[in-house]
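Analysis of the macromolecular model
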Amino acid sequence: MAECVLNIVTPLIENAISKAFSFGCAQISQAWGLENELGKLARTLTMIQGVLQHAEERQESNEAVRIWLRQLGDVAYEAVDALDEYAYEVLKHKVQSQGRRKQVHTFFSLFNRPVFCLKMADKIRKINQSLAMIKENEVFVLLIGLGEQSCLITSARQYFRTDSILDCSKFVGRNDDVLKIVNVLDNMRSQHLISGISIVGLGGIGKTTLAKSICQMAKEQKLYDLVAWVCVSENFDEQMILGDMLEYIDSSAGRMNNMDVLIQKLGKELEHKNFLLVLDDVWNEEKDRWDGFESRLSKISKTTGNSILMTTRSVKVASIMERFPMHKHDVQKLSDNECWLIIKDIVLRSSTETSIPSDLEGIGQDIERQCGGLPLVASVMGGTLGREISTDKWKEIRDDRAWMSQDKNNKILSILKISFDRLPSPLKMCFSYCSIFPKDHVFRKDDLVQLWMAQGFLPKSNESLVTMEDVGSDYFNELLSNSLFQDLECDLYGNVESCKMHDLVHDLALLVSRGKTLIWDTSCNFDENSTIRHLRVESNGEVLPTIPRSIVQRLHSLFSNLNVFCGMASDLKSLRSLKLFWGGKEEELPTSLKKLKHLRYLDISGIYFKVPPRSFSELYNLQTLNANSNCLMKLPNGGANLICLRHIYSYHPFYVSTKQLTSLQTLSKFCVDTKKGYNSIEELECLSQLRGELAISHLDCVRSKFKASRANLKAKKLYKLELAWNDRDREGNSNDEEVIESLEPHSNLKSLTIKNYRGKNFPSWLVRSDSCSGSSILLNNMVELKLSHCYECMCIPSLGLLPSLKVLYIDDMPQVRRMGHMLDGRSQSDRVESITLFPALKKLEMWHMTRLEEWVEVAEDAVAGGKVEIVFPCLEDLFICNCPELKTWSIGRFSSHHKLSNLTILLCSNLIPIPSIDGLSSLKRIELSGFKGLTSLPFELGYCNSLQELDIYNVPNLISIPEDVGRLHSLTSLTIEHCEKFRIQEFLGCLPIGLKELKMGPFCKDLEEFPLPNLSSIASLESLILIGWDQLKSLPHQLQHLTTLKILGIFSFNGMEALPEWLGNLSSLQQLEIRICPNLTYLPSLEAMECLSSLEFLYALDCPKLRGRCANKSSPEWSKISHIPNIEIDNILQGKP
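All right, on to the overall build of the protein chain then. Secondary structure assignment for the protein chain yields 34 helices and 40 strands. In the protein chain, which comprises 1137 residues, the share counted as buried stands at 55%. In the protein chain, 65% of the contacts between residues at least 6 apart in sequence involve partners at least 24 apart. As displayed, the protein chain offers around 48,300 Å² of accessible surface, 48% of which is attributable to carbon and sulfur atoms.

Quick look at the state of the cysteines now. Simply put, disulfide is the name for a covalent bond between the sulfur atoms of two cysteines. Under the defined criterion, the tally for this structure stands at 0 disulfides. You can see cysteine 430 has no disulfide; the closest cysteine sulfur is in cysteine 434, sitting 7.9 Å from it. What makes cysteine 430 buried here is its relative accessible area of 0%. Cysteine 908 supplies the cysteine sulfur nearest to cysteine 883, a cysteine that is in no disulfide, at a spacing of 4.6 Å. The exposure class assigned to cysteine 883 is buried, which follows from its relative accessible area of 0%.

Here we take up the packing of helix H20 (residues 411-421) against helix H24 (residues 503-512). Two numbers describe how H20 lies on H24: the axes approach to 10 Å, and their chain directions differ by 75 degrees. With respect to their mutual orientation, H20 and H24 come out roughly perpendicular. Residue-level contacts link Ile412, Leu413, Leu416, Lys417 and Phe420 of H20 to Leu504, Val505, Asp507, Leu508 and Val512 of H24. Residues that form the contact of H20 with H24 fall into these classes: 8 nonpolar, no polar and 2 charged.

Glancing now at the pairing of strand S35 (residues 1023-1027). Most of S35 sits out of view: 5 of its 5 residues are buried. Neither face of S35 is exposed, since Ser1023, Ile1025 and Ile1027 on one face and Leu1024 and Leu1026 on the opposite face are all buried. Examined bridge by bridge, strand S34 (residues 997-1001) and S35 share 4 bridges and lie parallel to one another. The residue of S35 that forms the bridge with glutamate 997 is serine 1023. Inspection of the sheet shows S35 paired to strand S36 (residues 1047-1051) by 5 bridges, in the parallel sense. Within S36, the residue paired with leucine 1024 across the bridge is leucine 1048.

Quick look at helix H23 (residues 468-481) now. If you check H23, its first and last C-alpha atoms are 20 Å apart, about what 14 residues at 1.5 Å a residue would give, namely 20 Å. Counted residue by residue, H23 has 14 buried out of 14 residues, so it is predominantly covered. Looking at the residues trailing H23, positive phi occurs at serine 483, about 60 degrees.

Let's shift gears to the sheet that holds strand S6 (residues 443-444). Reading across the sheet, the 3 strands line up as S6-S8-S7 and stay open at both edges, with antiparallel pairing between neighbours. Two strands lie at the open edges of the sheet, namely S6 and strand S7 (486-490), each paired on one side alone. Note: S6 against strand S8 (residues 496-500), 2 bridges, orientation antiparallel. Looking at S8, one finds that arginine 444 is bridged to serine 498.

This part covers a negative patch on the surface. On the surface, a cluster of negative charge is contributed by Asp446, Glu489, Glu497 and Glu693. Position of aspartate 446 among the secondary structure elements: in helix H22 (residues 445-454).

This part is about the sheet that holds strand S10 (residues 534-537). With parallel pairing, the 8 strands of this open sheet are ordered in space as S9-S10-S11-S12-S13-S14-S15-S16. What marks the edges here is a single partner per strand, and that holds for strand S9 (517-520) and strand S16 (666-667). Both strand S13 (residues 601-603) and strand S14 (residues 624-627) contribute to a ladder of 3 bridges, which runs parallel. Its bridge partner lying in S14, leucine 602 is registered against leucine 625.

Once that is clear, we can look at the packing of aromatic side chains. One pass over the structure, following the stated rule, counts 19 aromatic pairs. Between phenylalanine 236 and tryptophan 290, the ring centres sit 5.4 Å apart and the planes meet at 55 degrees, which makes this aromatic pair tilted. Of this pair, phenylalanine 236 sits in the loop between strand S2 (226-233) and helix H12 (238-249) while tryptophan 290 sits in helix H14 (residues 287-300), and the two are 54 residues apart along the sequence. The class of phenylalanine 236 is buried, set by a relative accessible area of 2%. Assessed through its relative accessible area of 1%, tryptophan 290 is described here as buried. Aromatic side chains phenylalanine 1003 and phenylalanine 1010 sit 5.9 Å apart centroid to centroid with 65 degrees between the ring planes, which places their arrangement in the edge-to-face category.

A word on the nonpolar core. Counting residues in hydrophobic clusters, the biggest one holds 178 residues, and the most contacted among them are Phe565, Leu684, Ile696, Leu723, Leu752, Met813 and Leu1048. At 3 residues, strand S19 (residues 717-724) tops the list of elements feeding residues into this core. Leave out the neighbours within four places in its chain, and leucine 1048 touches Leu1024, Leu1039, Leu1063, Leu1066, Leu1069, Gln1071, Leu1072 and Glu1073. By size, the runner-up hydrophobic cluster in this structure holds 45 residues, among which are Ile181, Met188, Ile356 and Trp394.

Our next topic: the environment of asparagine 735. Inspection of the secondary structure puts asparagine 735 in the loop between S19 and helix H28 (736-741). Exposure remark for asparagine 735: the relative accessible area of 11% places this residue in the buried category. For the pair asparagine 735 and valine 702, spaced 33 residues apart in sequence, the C-alpha to C-alpha distance is 8.3 Å. Those residues in contact with asparagine 735, other than ones at most four positions away along the chain, are Val702, Arg703 and Ser704.

This part takes up the pattern of salt bridges. All told, the structure shown has 37 salt bridges when counted by the stated rule. Among the salt bridges present, the one from arginine 600 reaches aspartate 84, with a minimum N-O distance of 3.6 Å. Taken together, the residues arginine 600 in the loop between strand S12 (577-580) and S13 and aspartate 84 in helix H5 (residues 63-99) connect sequence positions 516 residues apart. For arginine 600, a relative accessible area of 10% puts it in the buried group. Here glutamate 85 and lysine 123 are joined by a salt bridge, their closest N and O atoms 2.5 Å apart. Of this pair, glutamate 85 sits in helix H5 while lysine 123 sits in helix H7 (residues 114-136), and the two are 38 residues apart along the sequence. Shared partners join several salt bridges into a network, and the residues in it are Lys222, Arg925, Glu927, Glu949 and Asp951.

We now examine a positive patch on the surface. Positive charge collects at one region of the surface, where Lys119, Lys573, Lys594 and Lys595 lie side by side. Tracing the backbone through its elements, the reader meets lysine 595 in the loop between S12 and S13.

Put simply, side chains in a regular strand alternate between the two faces of the sheet. Of all the 5 residues making up S8, 4 are buried; the element is thus mostly covered by neighbouring parts of the structure. Both S7 and S8 contribute to a ladder of 3 bridges, which runs antiparallel. In the sheet register, glutamine 486 faces S8, and the bridge partner there is lysine 500. What sits between the antiparallel neighbours S7 and S8 is a turn of 5 residues, in which glycine 494 has the positive phi angle 90 degrees.

With that settled, consider unusual backbone geometry. Residue proline 1002 follows glycine 1001 across a cis peptide bond; omega there is -10 degrees. Even without being a glycine, leucine 907 presents a positive backbone phi close to 55 degrees. Despite not being glycine, asparagine 954 has its phi angle at roughly 55 degrees, a positive value. Judged by relative accessible area, asparagine 954 falls into the partly exposed class, the value being 38%.

Reading guide: rules and limits
Residues numbered from 1 in each chain as written. Predicted model: local features only at pLDDT ≥ 70, side-chain atom pairs only at ≥ 80, totals over all residues. Heavy atoms only, no water. Helix = DSSP H or I, 4+ residues; strand = E, 2+ residues; numbered from the N terminus. Buried < 20%, exposed > 50% of the residue type's maximum accessible area, 1.4 Å probe, protein only. Contact = heavy atoms within 4.5 Å. Areas by Shrake-Rupley, 256 points an atom, 1.4 Å probe, with all protein chains shown as cover. Disulfide = S-S within 2.5 Å. Axes fitted to C-alpha atoms, helices over the stretch in contact; angles between N-to-C directions. Parallel < 35°, antiparallel > 145°, perpendicular 65-115°, else oblique. Nonpolar A, V, L, I, M, F, W, Y, C, P; charged D, E, K, R; others polar. Pairing = 2+ DSSP bridges. Expected span 1.5 Å × (residues − 1). Patch = residues over 30% accessible without salt bridge, like charges linked within 9 Å, V, L, I, M, F, W, Y side chains within 5 Å. Salt bridge = Lys/Arg side-chain N within 4 Å of Asp/Glu carboxyl O. Lys, Arg positive; Asp, Glu negative; His and termini not counted. Charge placed at Lys NZ, Arg CZ, Asp CG, Glu CD. Phe/Tyr/Trp six-rings, centres within 6.5 Å; stacked < 30°, edge-to-face > 60°. Core = buried A, V, L, I, M, F, W, Y, C linked by side-chain atoms within 4.5 Å.

Spelled out as structure tokens, the structure:
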């Protein structure tokens, strides 16, 4: 593919023209004597702008035009830097003027800056001279001869159509592949400790999408306890892969640098669990590295039935995965018709039509036949065609010469570039900027938009209510609709959080940003003549790159995980964006930070320091400050000078004077404790642009409702709000009620948390009708509500009519004794017609409601006017914990189309009987614990045909479970633990035939044998854990018939001294776990132990006598277990290097 120059020139020149005209007309420019040079610059740039469209069209075929554009781009950067330097001085003058307002100023001190004026005039004069030479170039004359034509600058708000961009492309043509691979995985995992499948195919053929569909089906079928997804890409680093795996399983784990600690933590997370590990986009062809990783993974996992699913473009990569049993699946290209289905679906999202006109359909099918069966190409083409629905435009795309490329390696990129070439110039800049991130990077939407804004890619809208962030959001959505972004993730409230970029699309971004963006590693060298503007320094080592000063001075972006910044800070005079993430010990930022006059984006969340230097307050252009995960406690004096700040992200709340920060939109944490040096609540008043998330703490320091009302939260477009009082050293409710009443939020609020509130009543605005709009509830858009530690509240607010509420969390409200009509939002006299309560609620959690006695309402009086009320029609998860006084629970009829799938009731000892589950056929999991008086479970349990997991523990008086449970063929996991009176003999005869996991005991302590019938009829049983008691001296002999058993757990068999000889009959056993057997001394004979040829793991805990006989190679029992690959006794690996 011929090298092309990304058209950075057009947006740069548009930016420079706007600034030059604006500054040239300003009074201060006249005072400084710069208006003539600025006017000349604006006129020259406008003239050149008129030929840029012709230059773009001819650059690939004309070397001279390409060189001319490159030269023009360099001068355009110089012009923008100079104009931004001028703007900085104007801003500095404004800040200093505000700070000295009470002082007497001379005209000279305010306006006359002779040294600066001379330097700036000289810079602009030289830029004008360079532009004059560019105008005299024969290329410019040629372009003028083609006809001067001004570029059409389309308003971002008019251009973009974003109605349906949140929909994912249809999954076309791969359903058979999914079914086949899932079946193979299921069959292989039942035969091996770890097995796997490699998905092999061309780039863009849909390997990753196929893997995701497989994961989804595996989750739906509950084939694995855990599913972890790791994007490997070209860097096959064992520690990084295991670290990513741990973070995927436990997002709070954080990154660990110590491999031993990482392995221990991962081992604990995987204990008693099998997993599916997806390794996406693997390139490693070094067999030794792969073998080392497989060996390590085998030792970490102690449970059978694990699988690895790998995607790769390389057949060789797939072939080296031979340590584990592997199956290779080759992904075939889609048919032409399937490609057309993808294109058509995406095109119709951008149109009001329900079908494509016949004249366009023929052209579209011509294009579809050129997609090469690659869904990625079809998706990108669909986005491009959907943006330009006309016969002429589609013909242009169909006839583009890129389709005729003979270069097999670059043909896909050539085709993808067709879509890139048709993007407006600002979008080209935004897309190309993504190349500074590594492959498989998760792009955070807000972060990306703020980076674009810092680079000047986002024009200011002519519409007063449209911010640069709004324009950036539109740009993001347009790139998404063109399939240049994928894997969209949204939060609970429907806000777009993140996306990713396909590897081939990332290659395209690297291609079009060539010469302007560089990702440095130890293999890279710098050319002093390089025109690099955006640099990412990323290395696993500590070798610092030597970057020529000429490059440093031109950089607009620097992202680094090595501490290169401190040594070059004074030279980064053009820098707009700075990301530092090297971690390690506490650092100090250099005082030369103030020289970064153009800096607009600063992310210091990845380094540690508490107080930035005083010069930090001179970053007048700073728009975004990210100090999340950081020790930053306060800004230096003068922080109020940062008048351009729009976004502050902080892990800790810190004081910042808000009176001058009127552009602030994001302020994640706000503390109102003035005694400790934080803000007062009324300082929120001037932040009229505030939006997004806000957590306000220490509201007990607010002294009056008048001060609280000055915060004016109602006018701020927040979607997530937390109101928290201090939970310590407080007596009484102070003025909590009047304060919270004065903190009424915007009606579009989607999430509200109230913590440590001491008022007796909740605010009226929580459920008040909006008389102005005529809607029934003021907070119609509320999706999530959390009420925590509201100690004095007597009742739950009326929430049943909130139409959008999906998550309700209630915790520790000890004064609430009854829930009923207060919860559903109606008085007794209102019930004249049917109504749906909690129409959207999906998750309900109640914790530590220690005095709650009754939850009644709907069962007795739900019928009004002959119509039946519907309650919780969408509820999926119901969790109730530690409500010891709850005796009556009657929440009425669930909808006939109920969706409840998880029911958990813990530590509700007086709830007898437990609520009816009649008709809940959707239930998949039931967990019951802590019921003292419960003797039986409801008979309806036998009709829960979707039930997969039933866990009952710590129910000491439970006698029986309905026999019909044996007919539940979907039940795969059953736990009956610490139910001492349970009649296990009567129940074991009716176990479901599809049971895979069974955990039982202890039962009546008078029994001298564990009551276990012959379980060999349950061929599916893979895991059995038995919990014994003091009198038991041996294992139940029926176990010897479970020849298909893979996991056996023996817990608390206190009287047992030896394991039986027949244990060797369990030929399929892969994991043996023994816990709390203090008298266990002997294992079966060597011959019996050697019969356990599949045994991979032996785990013993709190078995002191056995430990002494298995501790090392000289111990009496060691020879019996030496053949087992993984032995762990009291959490210590034994006998292995």
